[in-house]
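# Close look at the chain arrangement
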Amino acid sequence: KNAELMYFNNPMWPGEAHSLKVEKILFRERSEFQEVLVFQSSSYGKVLVLDGIVQLTEKDECAYQEMIAHLPLCSIKAPKRVLVVGGGDGGVLREISRHSSVELIDICEIDKLVIDVSKKFFPELAIGFDDPRVHLHVGDAIEFLRNAPEGKYDAIIVDSSDPVGPAQELVERPFFETIARALKPGGVLCNMAESMWLHTHLIQDMMSICREIFKGSVHYAWTSVPTYPSGVIGFLLCSTEGPAVDFLHPINPIEKLEGAIQYRRELKFYNSEMHRAAFALPSFVKREVSCL
Ligand SMILES: NCCCN[C@H]1CC[C@H](N)CC1
């Protein structure tokens, strides 16, 4: 029987669709916020889709989860307190737990169904919730950050979905202001920042807001995720005023990341060369996304 093709088209990438062959639908329900779908693909393992947008696949999630976690955490000395905004699948938590200096991992995910579905279908990612340092808050990150103590976190990682639907407000100025307030001097933000092929206007807007709010440094980095539209995804790396942060030269050797992990999962994507390479930008990006 011919399984159907799942087409992912969306106003975020007009006139463009990325399709994966569906071998079997494993889960499909609407939560309070979005449609949550899990299906078995032909060659990317299981796939998590929210409102018709691919969030992760078992095959290539390592690229996104490892880079979004280690680009910030390997840029500062001994991070202790980390906040994850979004990230309900648990993959970023799994990566943060490699850092033995970390004592507290707060995570604020708005959709409980994403967490429950990940625990059922993506144990390799949801294992991140097993770390005793993890404190789960189910709710709106805007609210959570408004009530967060000033200067509480060494690092904040915004692992959000696209700014259509639940994550809409996560690219606006007030949100970045609450992030800067919750970071320590010399603290760092790593924010999912879309595709340099598709979203240079959005990236430009985010960078100009961040350049005003984060008085340390602001950089754009990127990596390859084949199942995201245009095959790449970017990250905004920002630091607050205080001890200088040099994002381009990681200070934490990766041996520490490999040994520390309690369930012996090796790094599949991140390493020091990939860290440095992530900040190398094509000429059109340098021009269009005015970087430092
Ligand atoms: N935690 C899983 C990744 C969530 N990040 C987004 C998924 C959808 C993409 N279009 C943009 C990144």
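This text gives an overview of the structure that appears in the document. (Residues numbered from 1 in each chain as written. Predicted model: local features only at pLDDT ≥ 70, side-chain atom pairs only at ≥ 80, totals over all residues. Heavy atoms only, no water.)

## Focus on the sheet that holds strand β4 (residues 46-50)
- Spatially, the five strands line up as an open sheet ordered β1-β2-β3-β4-β5, and their pairing is antiparallel. Sheet topology places β1 (5-10) and β5 (53-57) at the edges, where each strand pairs with a single neighbour. With strand direction ignored, the average angle separating the axes of adjacent strands in the sheet is 45°.
- Running at roughly 65° to strand β2 (residues 13-30), helix α3 (residues 112-121) makes contact with β2, β3 (35-41) and β4 of the sheet. (Pairing = 2+ DSSP bridges. Helix = DSSP H or I, 4+ residues; strand = E, 2+ residues; numbered from the N terminus. Axes fitted to C-alpha atoms, helices over the stretch in contact; angles between N-to-C directions. Contact = heavy atoms within 4.5 Å.)

## Here we look at the nonpolar core
- With 42 residues, the main nonpolar core has Tyr64, Ile68, Leu71, Ile96, Phe235, Leu237 and Tyr270 as its most contacted residues.
- Element by element, the count of residues in this core is highest for helix α1 (residues 61-73), at eight residues.
- Look past the residues within four positions of isoleucine 68 in its chain and what remains in contact with it is Val92, Ile157, Val158, Asp159, Cys190, Met192 and Phe235.
- Membership of the second largest hydrophobic core comes to 37 residues, among which are Leu183, Val218, Val232 and Leu236. (Core = buried A, V, L, I, M, F, W, Y, C linked by side-chain atoms within 4.5 Å. Buried < 20%, exposed > 50% of the residue type's maximum accessible area, 1.4 Å probe, protein only.)

## Some words on the side chain of aspartate 60
- For aspartate 60, the position within the fold is in the loop between β5 and α1.
- Buried charge without a partner: aspartate 60 forms no salt bridge, and the closest opposite charge is lysine 59, 8.4 Å away.
- Polar contacts involving the side chain of aspartate 60 include one to the side chain of threonine 57, which spans 2.7 Å.
- In this structure, aspartate 60 is in contact with Tyr44, Val225, Pro226 and Thr227, ignoring residues within four places of it in sequence. (Lys, Arg positive; Asp, Glu negative; His and termini not counted. Salt bridge = Lys/Arg side-chain N within 4 Å of Asp/Glu carboxyl O. Polar contact = N/O pair within 3.5 Å; in protein donor to acceptor, adjacent residues only side chain to side chain.)

## What to know about the site of the ligand
- The full set of residues close to the ligand is Trp13, Ile53, Val54, Gln55, Tyr64, Asp89, Asp159, Ser160, Asp162, Met192, Tyr228 and Ile233.
- Between the ligand and the protein, one listed contact pairs a nitrogen atom with a side-chain N or O atom of aspartate 89 at 2.6 Å.
- Aspartate 162 is positioned such that a nitrogen or oxygen atom in its side chain is 2.8 Å from a nitrogen atom of the ligand.
- When isolated, the ligand has an accessible area of 350 Å², and the protein chains bury 97% of it.
- Ranked by residues supplied to the shell around the ligand, first place goes to β5 with three residues.
- Among the residues forming the shell around the ligand, the class breakdown is seven nonpolar, two polar and three charged. (Near = heavy atom within 4 Å. Areas by Shrake-Rupley, 256 points an atom, 1.4 Å probe, with all protein chains shown as cover. Nonpolar A, V, L, I, M, F, W, Y, C, P; charged D, E, K, R; others polar.)

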